[in-house]
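Coordinate inspection notes
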Amino acid sequence: MNNVFVRPDYQSCCVDVAAQIAALIREKPNAVLGLATGSTPIGVYAELVRLHREEGLDFSGVTTFNLDEYYPMAADSPHSYHRFMREMLFDHINCVNFHIPDGTPRSEEQVRDDCARFEGLIAEAGGLDIQLLGIGRTGHIGFNEPGAGRDTYTRLVTIDYLTRADAALSFQGIENVPVRAITMGVGTILEARQIIMMASGTHKAAIVQQALEGKITSKVPASFLREHHNAVVYLDEPAAALLTEYAKPWRSPDADFSTFPLRRRALIALGQELDKPLGKLSAQALAEAGMQRLAHAVPSLEAAIQEVELDLSKRLSDDRFLPQHQSVFCLSPHPDDDVICCGSTLIKMAERGNKVVVAYGVSGSMAVRDKDVLALLRARHPRLISFIEDHTEPGRAFEDVFNDVRQFIFDREPGEPDAELLRDLKRLVREGEASDACRKMGAKPLFLNLPFYETGHVAKKPIGEPDVEIMLKALRDTQPEIVMLTGEQSDPHGTHEMCAEAFNRAACIYLAEGGKPFKQWFYRGAWEEYEVWEGDYYSVFNKELMERKIGLILDHISQLDPVYPGTSDPREFYERARDRNRATARQLQQLGVLPPSRSHDPIYAEVFQINS
Ligand code: F6R
């Protein structure tokens, strides 16, 4: 596909897409737009609102049609796409002519008639000039899930389980996510004169690759976009990462093998693909993989291989990388990312006499189950009891407070946010778990409780001055020499990225006011791991340390069998962490730079990127 534009970040994609839509509206004031919901277009809508306010972009003649709506779904529900569109766009611009499929429950026959009417309205308006799309991890566009053919039109459909799991976070549980939806069909979408599909984040990379480079098939409905004469795709770098050009840059005719990072990446990839140690890669294997030019850039293939072997071996050395008697500040967005991603390395750091502070960005209260709080209250958990004693009117019996909490839980509507006390109790549950883990690691916990998170809903407030101030104070108090941060970019509106934004803003102020510069260590995040070729330091550890790390993860009892699994991966966090640390070590062993382990004594590794 020719029209694929990769931008460094989500925001630049949004600005470009909004500019295209704005150009159309300026040229054709009665333009007909097809719009999408979900997290992907939020930045586009924000930019369109800005263009309306600051540059007078006029939507008065524009007609819009939204792709879809859950069914059944009341228009005023916080989960409805009607409400989403009003809050994100229509309440802030002068568009009066908008159409969104109606989720009101009614007979199937009525739904069918309304779907046909919806198609009729699009035709009457003259057809869609631009259709904006996101892509689901199933490959869906709209709610056209795998199996939807190119000749489908607006209709009632069943939502795929993975799509429902992805929506579970905002519905506070998959059981609250509707099973059905009304959606434009693939045919409706393909009839638009132009299509703009966007994708952002690592979690979309695999499906983007399938849609753009795999077979054109109803198993991946987004793949049909390649048959459209005027479809463009905007991706941020994480979403583009698995496209051949990005995943295999050595295949490009302009590949510059005179740079060591490309030689390193290419040889590691070849060793992994052929399941061979680096030392066993032959000139023929290189030629077959399209890397013959690599050996021309260095005196010999052997020299190129040795250079990479030496580089990787150096990166396994704790003595070279691990600090001693320094001040280490690990920013853990949620109160368990620290142990999942760098538990063993934090233990090693504390053992080397470093002063390790783990700063927890948000309370993580959203991910605690009601029933766990009730069980702890029933068991008279001292931390919760003393909080209740300190925060209720004197003389009020604990039993009354407990009954209030229980009543609230039983009476609340699905999706209704926690009452303040319940939210505080959930925060305390997580603080207790994180404190236990920190004590065992030899680290000091610092609970930042950044206010951007405390909306009671999944949607967060933008990072503001109070968040930056709290982070700045933590930096001033800690004066770190090393800061450990997540490098995750999975979700444009995710907590991890927002914590990183608060940190970056605070760090600018801290450094400008004369704070001592620090090294930055990035860990990948709770869901993904850096690839071997991306690593600067591999913190290798043995089974005993892995057992301690698992113990730390299990201290976060409330996160066992997580409320928001986030993926369809059924493994617990400790299993995922163990498997991926093992996988990294295995890859280093397979490349021949880490000695093989005996079967009863496996080796593990955490991976970091380091910026001085
Ligand atoms: C939304 C829609 C969906 C989303 C897709 C991606 O109207 O029809 O196809 O575009 O599920 O969702 P996000 O953007 O939340 O990743």
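Quick note: structure is the one above.
So, how was this worked out
- Residues numbered from 1 in each chain as written.
- Predicted model: local features only at pLDDT ≥ 70, side-chain atom pairs only at ≥ 80, totals over all residues.
- Heavy atoms only, no water.
- Pairing = 2+ DSSP bridges.
- Helix = DSSP H or I, 4+ residues; strand = E, 2+ residues; numbered from the N terminus.
- Axes fitted to C-alpha atoms, helices over the stretch in contact; angles between N-to-C directions.
- Contact = heavy atoms within 4.5 Å.
- Salt bridge = Lys/Arg side-chain N within 4 Å of Asp/Glu carboxyl O.
- Buried < 20%, exposed > 50% of the residue type's maximum accessible area, 1.4 Å probe, protein only.
- Core = buried A, V, L, I, M, F, W, Y, C linked by side-chain atoms within 4.5 Å.
- Near = heavy atom within 4 Å.
- Polar contact = N/O pair within 3.5 Å; in protein donor to acceptor, adjacent residues only side chain to side chain.
- Expected span 1.5 Å × (residues − 1).

This part takes up the sheet that holds strand S7 (residues 155-158). What the three strands build is an open sheet, ordered S4-S8-S7; its pairing is antiparallel. Looking at strand neighbours, the two that pair on one side only are strand S4 (68-71) and S7, the edges of this open sheet. Ignoring which end each strand starts from, the neighbouring axes of this sheet average 30° apart. Where S4 lies against strand S8 (residues 180-183), four bridges are found, and the strand directions are antiparallel. Pairing of Glu-69 across the sheet is with Ile-182, part of S8. On top of the sheet, helix H4 (residues 108-124) reaches S4, S7 and S8; it is set at about 120° to S7, its chief contact.

Here the focus is the pattern of salt bridges. Here the structure, examined in full by the defined rule, presents 41 salt bridges. A salt bridge links Arg-117 to Asp-114, with the nearest nitrogen and oxygen atoms 2.8 Å apart. Here the residue Arg-117 and the residue Asp-114 both occupy positions in helix H4, the gap between them amounting to three residues, near one helical turn. On the basis of relative accessibility, which here comes to 22%, the residue Asp-114 falls in the partly exposed class. Note that Arg-580 is salt-bridged to Glu-529, the shortest N-O span being 3.3 Å.

Attention shifts here to the side chain of Asp-555. By secondary structure assignment, the location of Asp-555 is in the loop between helix H22 (543-554) and helix H23 (573-590). Looking at Asp-555, the relative accessible area reads 14%, which means it is buried. Leaving out residues up to four positions away in the same chain, Asp-555 has contacts with Glu-433, Asp-436, Ala-437 and Lys-440.

Turning to the sheet that holds strand S3 (residues 63-66), a few remarks are in order. Across a sheet, paired strands are connected by hydrogen bonds in the backbone, their directions being either parallel or antiparallel. Across the sheet, seven strands lie side by side as S1-S10-S9-S6-S2-S3-S5; this open sheet has parallel pairing. Strand pairing shows two members of the sheet lacking a second neighbour, strand S1 (4-7) and strand S5 (97-99), which therefore form its edges. In this sheet, neighbouring strand axes are inclined to one another by 15° on average, regardless of whether the strands run parallel or antiparallel. In the sheet, strand S6 (residues 130-133) pairs with strand S9 (residues 194-199) via four bridges, with the strands oriented parallel. Residue pairing across strands places Leu-132 opposite Ile-196, the latter belonging to S9. Helix-sheet contacts for helix H1 (residues 10-27) involve S1, strand S2 (32-35), S6, S9 and strand S10 (231-236), and the interaxial angle to S10 is about 150°.

This brings us to the nonpolar core. With 61 residues, the main nonpolar core has Leu-267, Leu-278, Leu-331 and Phe-503 as its most contacted residues. With 37 residues, the next largest nonpolar core counts Ile-340, Ile-347, Ile-482 and Met-484 among its residues.

What follows is about the site of the ligand. Surrounding the ligand, one finds 14 residues, the nearest of these being Thr-40, Asp-68, His-140, Gly-142 and Lys-204. At a separation of 2.7 Å, an oxygen atom of the ligand approaches a polar backbone atom of Gly-142. Between an oxygen atom of the ligand and a side-chain N or O atom of Lys-204, the distance comes to 2.5 Å.

Every α-helix winds through 3.6 residues per turn, so residues three or four apart in the chain are directed the same way. Between its terminal C-alpha atoms H23 stretches 25 Å, which fits the 26 Å expected from 18 residues at 1.5 Å a residue. What H23 keeps buried is the set Phe-573, Arg-576, Ala-577, Arg-580, Asn-581, Arg-582, Thr-584, Ala-585, Leu-588, Gln-589 and Gln-590. In this structure, the buried residues of H23 make contact with helix H10 (260-274), helix H15 (337-351), strand S16 (537-541), H22 and strand S17 (604-611). With its phi angle positive at about 85°, Gly-592 sits one or two positions after the end of H23.

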